[in-house]
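The chain contents come next:
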Amino acid sequence: MKTKNAGITIIVAMATSLLVLGLAFATINSVAQSLEQAGNTQRSTQLFFAAESGIEAAFFHHNSRGQGTTLQTVANQTLEHDSVNVETAWEIIGRANETSSGGSQFYADILRENQTIQIPLAWDTSTTPTGAPNQSGALGTTEDVTIKFYAQLQDPSGTSNDTPDDANIRDSLLGRYNPFVIDNGSGGFDFGDAGSDEVLIDWSLSRKSNQGIETFIPTGNEDCTNGSTVVDGFICENQLLLVANSSLDITTSDTIVGKILPGLTDTNLTTFWNCNEAGVSSCEDFRLTFRPLLKFTDTNTSKIIGIPFSVETNNGSQFPLPDYTVVTDVTQESFSQGVELQIPERTSIGAFDYVIFD
């Protein structure tokens, strides 16, 4: 005779119900996670394209206003994407934004092999994207511009002949390139040629005047006979190696002898900068250009990443940079995305921007 266990049926029924319920909860959880993942993917895509729209806006205003454009975030400098409830804030920084202890604005970086640095000394002064293009920003003749080239970077506290400005600039460079010495450890770096001293850095200053587009080129030291650290024309390799803890300086107030192209008219740097030549009544759109002419590899195979340099103004005025920075920031609910890009400016070879060696 069989004996039936009381309640077994209800236990089986309850276990089956719990199993079905568990499967239902797992299915619901899986669907919820899929929906959440799909929502996150959708938000991520929306934020990506919203950030891209800020970058495109910055590119548009840079291309329409030119090198030196600086539009930093203000109330109306946003893009509204109402269909997805997203707001994009953007800004573009194209002028010097580092200040030395003496109040000078400066830009400091490394001049790389075959690189041409071109800095216009005039720019669009508009402060909002809705403002009309306004090419009124320019360094006046009372403002001097100084270029400095360094052979080595050391802690400014150990460099007694540094001015406060120099120390500030060195700190900026040391933060990115430390340590740095142009020396192969056996008496100097020969820039790919163990022979005679050669021109290392070519530089020029161009302008527009009532005579047309003109370029000042130095004519001194083209045969590299100047053994001092005072720049009187072109900069030669041995000059840079001799500079030790100081710098090789070119200032627009210097009376460096040169010629004006076209025409080969004799002048000097400060006269050209102050627009004081006979027959010249107006000058604008100055542009500074410099580039290395030699290899950055020593004959013993050692190599340098470049030559540290800085550009600064003496009265604290800003000036365009050889690259510009675009920043965008997008927020949607608890999601956010920020993008920062640094883009080199395109350089152009001027009509009369070249070196003449007799």
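Conventions we followed
- Residues numbered from 1 in each chain as written.
- Predicted model: local features only at pLDDT ≥ 70, side-chain atom pairs only at ≥ 80, totals over all residues.
- Heavy atoms only, no water.
- Disulfide = S-S within 2.5 Å.
- Helix = DSSP H or I, 4+ residues; strand = E, 2+ residues; numbered from the N terminus.
- Pairing = 2+ DSSP bridges.
- pLDDT = per-residue confidence, 0-100.
- Salt bridge = Lys/Arg side-chain N within 4 Å of Asp/Glu carboxyl O.
- Buried < 20%, exposed > 50% of the residue type's maximum accessible area, 1.4 Å probe, protein only.
- Core = buried A, V, L, I, M, F, W, Y, C linked by side-chain atoms within 4.5 Å.
- Contact = heavy atoms within 4.5 Å.
- Phe/Tyr/Trp six-rings, centres within 6.5 Å; stacked < 30°, edge-to-face > 60°.
- Lys NZ or Arg CZ within 6 Å of the ring centre and 35° of its normal.
- Polar contact = N/O pair within 3.5 Å; in protein donor to acceptor, adjacent residues only side chain to side chain.
- Patch = residues over 30% accessible without salt bridge, like charges linked within 9 Å, V, L, I, M, F, W, Y side chains within 5 Å.
- Areas by Shrake-Rupley, 256 points an atom, 1.4 Å probe, with all protein chains shown as cover.

**Q** Which residues make up the state of the cysteines, and what are the values?
**A** With the rule as written, the count across this model stands at 2 disulfides. With its sulfur 2.0 Å from that of its partner, C224 forms a disulfide with C236. Across the S-S bond linking C224 and C236, the dihedral sits near -90°, which makes this disulfide left-handed. Separated by 12 residues along the polypeptide, C224 in the loop between β12 (212–218) and β13 (235–236) and C236 in strand β13 bring together distant segments of the chain. Each sulfur in the disulfide pair C275 and C283 lies 2.0 Å from the other.

**Q** Give me the lowdown on unusual backbone geometry, citing residues and values where you can.
**A** Residues L261 and P262 are joined by a peptide bond in cis, for which omega reads 0°. With respect to the helices, strands and loops of the structure, P262 is situated in the loop between β15 (257–261) and β16 (265–268). Positioned with a positive phi, F191 is a non-glycine residue whose angle comes to about 50°. Structurally, the position occupied by F191 is in the loop between β10 (180–181) and β11 (199–209). Backbone geometry at D285 places phi at a positive 55°, although glycine is not the residue there. In this structure, D285 sits in strand β17 (residues 283–292).

**Q** Go over the sheet that holds strand β3 (residues 98–99) with me, naming the residues and quoting the values.
**A** One open sheet holds the 5 strands; their spatial order is β3-β4-β18-β8-β14, and the pairing between them is antiparallel. Of all the strands in the sheet, the pair left with one neighbour each is β3 and β14 (248–251). In terms of strand pairing, strand β4 (residues 105–111) meets strand β18 (residues 307–313) through 6 bridges, oriented antiparallel. Bridging from a neighbouring strand, A108 pairs with S310 of β18.

**Q** I'd love a proper account of the confidence of the model for the protein, names of residues and values included.
**A** The share of residues in the protein with pLDDT of 70 or more is 84%, and the mean pLDDT across the chain is 81. Mean pLDDT values for the elements of the protein range from 72 in helix α2 (residues 164–174) up to 94 in β15.

**Q** Before we move on, can you summarise the pattern of salt bridges with the specific residues and values?
**A** Throughout the structure, instances matching the rule amount to 8 salt bridges. D124 serves as the salt-bridge partner of R65, at 3.6 Å between the closest nitrogen and oxygen. Taken together, the residues R65 in helix α1 (residues 8–65) and D124 in the loop between β6 (122–123) and β7 (137–138) connect sequence positions 59 residues apart. Each member of the pair, R65 together with D124, is buried. Between D202 and R291 there is a salt bridge; the shortest N-O distance is 2.8 Å.

**Q** Please set out the environment of A194 residue by residue, giving values where relevant.
**A** Following the sequence through the fold, A194 ends up in the loop between β10 and β11. Given a relative accessible area of 63%, A194 falls into the exposed group. Linking A194 and N300, residues 106 residues apart in sequence, is a C-alpha distance of 9.5 Å.

**Q** Hey, could you go over the nonpolar core for me, with residue numbers and the actual values?
**A** L121, F149, F191, L240, F290, I307 and V311 are the most contacted members of the largest nonpolar core, which has 52 residues in total. Tallying contributions element by element places β4 first for this core, with 5 residues. Apart from residues lying up to four places away in sequence, F191 is in contact with I182, L200, E237, L240, L294, K295, F296, T297, D298 and I304. In terms of nonpolar packing, the next biggest core, distinct from the first, is built from 15 residues, I55, L71, W90 and I92 among them.

**Q** Talk me through the packing of aromatic side chains; I want residue IDs and the actual numbers.
**A** Following the criterion strictly, the structure yields 10 aromatic pairs and no others. Look at F48 and F49: their rings are 5.1 Å apart centre to centre, the planes differ by 80°, and that puts the pair in the edge-to-face class. Owing to a relative accessible area of 39%, F48 belongs among the partly exposed residues under this scheme. Summarising the aromatic geometry, the rings of W203 and F216 are spaced 5.9 Å apart at their centres and angled 35° between planes, so their arrangement reads as tilted. Taken together, the positions of W203 in strand β11 and F216 in strand β12 put the pair 13 residues apart, joining distant regions of the chain. A network of ring pairs unites the aromatic residues W203, F216, F272, W273 and F286 as a single cluster. Cation over ring: R207 sits above F272, and NZ or CZ is 3.9 Å from the ring centre.

**Q** I'd like a rundown of the side chain of R291, residues and numbers included.
**A** Its place among the elements puts R291 in strand β17. Within the structure, R291 has its side chain in polar contact with the side chain of D202 (distance 2.8 Å).

**Q** Explain a nonpolar patch on the surface to me, using residue names and the numbers behind them.
**A** A surface patch of nonpolar side chains, about 490 Å² in accessible area, is lined by I8, I10, I11, V12 and M14. Structurally, V12 can be placed in helix α1.

**Q** Lay out the environment of F59 with the relevant residues and their values.
**A** Mapped onto the elements, F59 comes out in helix α1. Look at F59 and you get partly exposed, because its relative accessible area is 22%. Along the primary structure F59 and I92 are separated by 33 residues, whereas in three dimensions their C-alpha atoms are 8.6 Å apart. With near-sequence residues (within four places) excluded, F59 lies in contact with Y324, V326 and I343.

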